Amino acid sequence: MMRLMDALFYWLQLKWMTLARPDDQAARDSLSFFAQILSEDHELASFEITGEERGKIYVTYTSPSEPGKTVWFDREAVEQLENDMPGDSRDSEEDEDDSEVT
């Protein structure tokens, strides 16, 4: 079984990606897969992004044994998956900025 913190991290990476790329069906499917792992394997009743600050993203989760625990993950590590994917939304914005209208 995948460790809880690993599953939360992967879920967070995919959640972050789906926020940046809402039309990415593969990311949404993968997000659902990790949500299922958190719900079924780790028996989490809820999990959500609850805050951001420089360098950190906070996730709060509840389970029968943890009635509301908040953990943080390194923001750069969370953003790495989105940054590594082809078609990065920032790349397309830069392309638009670089194009000239004649």
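Further up the page is the structure itself.
Residues numbered from 1 in each chain as written. Predicted model: local features only at pLDDT ≥ 70, side-chain atom pairs only at ≥ 80, totals over all residues. Heavy atoms only, no water.

**Overview of the overall build of the protein**
Next, step 1: From N to C terminus, the protein includes 4 helices and 3 strands.
Next, step 2: Ordering the α and β elements of the protein from the N terminus gives α-α-β-β-β-α-α.
Next, step 3: Evaluated residue by residue, the protein yields a buried proportion of 31% over its 102 residues.
Next, step 4: Long-range contacts, defined as pairs at least 24 residues apart, comprise 46% of the intrachain contacts of the protein with a sequence gap of at least 6.
Next, step 5: Surface accessibility of the protein: about 6700 Å² in total, with carbon and sulfur atoms responsible for 47%. (Helix = DSSP H or I, 4+ residues; strand = E, 2+ residues; numbered from the N terminus. Buried < 20%, exposed > 50% of the residue type's maximum accessible area, 1.4 Å probe, protein only. Contact = heavy atoms within 4.5 Å. Areas by Shrake-Rupley, 256 points an atom, 1.4 Å probe, with all protein chains shown as cover.)

**Things to note about the packing of helix α1 (residues 4-20) against helix α3 (residues 75-84)**
Next, step 1: Between α1 and α3, the least distance of the axes is 8 Å, while the angle of their chain directions is 60 degrees. Between α1 and α3, the angle is such that the two are oblique. Here the hand of the crossing between α1 and α3 comes out right-handed. For the pair α1 and α3, the contacting residues are Phe9, Leu12, Gln13, Leu14, Trp16, Met17 and Ala20 in the first and Arg75, Ala77, Val78, Glu79, Leu81 and Glu82 in the second.
Next, step 2: Among the residues making up the contact of α1 with α3, the classes are represented as 9 nonpolar, 1 polar and 3 charged. (Axes fitted to C-alpha atoms, helices over the stretch in contact; angles between N-to-C directions. Parallel < 35°, antiparallel > 145°, perpendicular 65-115°, else oblique. Left-handed = near helix turned anticlockwise from the far one by under 90°. Nonpolar A, V, L, I, M, F, W, Y, C, P; charged D, E, K, R; others polar.)

**Section: the sheet that holds strand β2 (residues 56-62)**
Next, step 1: Spatially, the 3 strands line up as an open sheet ordered β1-β2-β3, and their pairing is antiparallel. Lying at the two open borders of the sheet, with one neighbouring strand each, are β1 (46-53) and β3 (67-74). The sheet shows a mean angle of 25 degrees between the axes of neighbouring strands, direction not considered.
Next, step 2: Across 7 bridges, the pairing between β2 and β3 is antiparallel. What sits directly across from Lys56, in β3, is Asp74.
Next, step 3: The strands touched by α3 within the sheet are β1, β2 and β3, with β3 carrying the most contacts at an inclination of about 75 degrees. (Pairing = 2+ DSSP bridges.)

**So, the nonpolar core**
Next, step 1: Counting 20 residues, the largest nonpolar core has Leu8, Trp11, Phe47 and Phe73 as its most contacted members.
Next, step 2: Elements supplying a minimum of two residues to this core: α1, α2 (25-41), β2 and β3.
Next, step 3: No other element matches the 7 residues that α1 contributes to this core.
Next, step 4: Each residue touching Leu8, except ones within four places of it in the same chain, is listed here: Leu38, Leu44, Phe47, Val59, Tyr61, Val71 and Phe73. (Core = buried A, V, L, I, M, F, W, Y, C linked by side-chain atoms within 4.5 Å.)

**Considering the environment of Trp16**
Next, step 1: You can see Trp16 is positioned in helix α1.
Next, step 2: Not counting residues within four places of it along the chain, the set of residues in contact with Trp16 comprises Ile49, Glu52, Ile57, Arg75, Val78, Glu79 and Glu82.

Interpretation in functional terms is not warranted from these geometric data alone.
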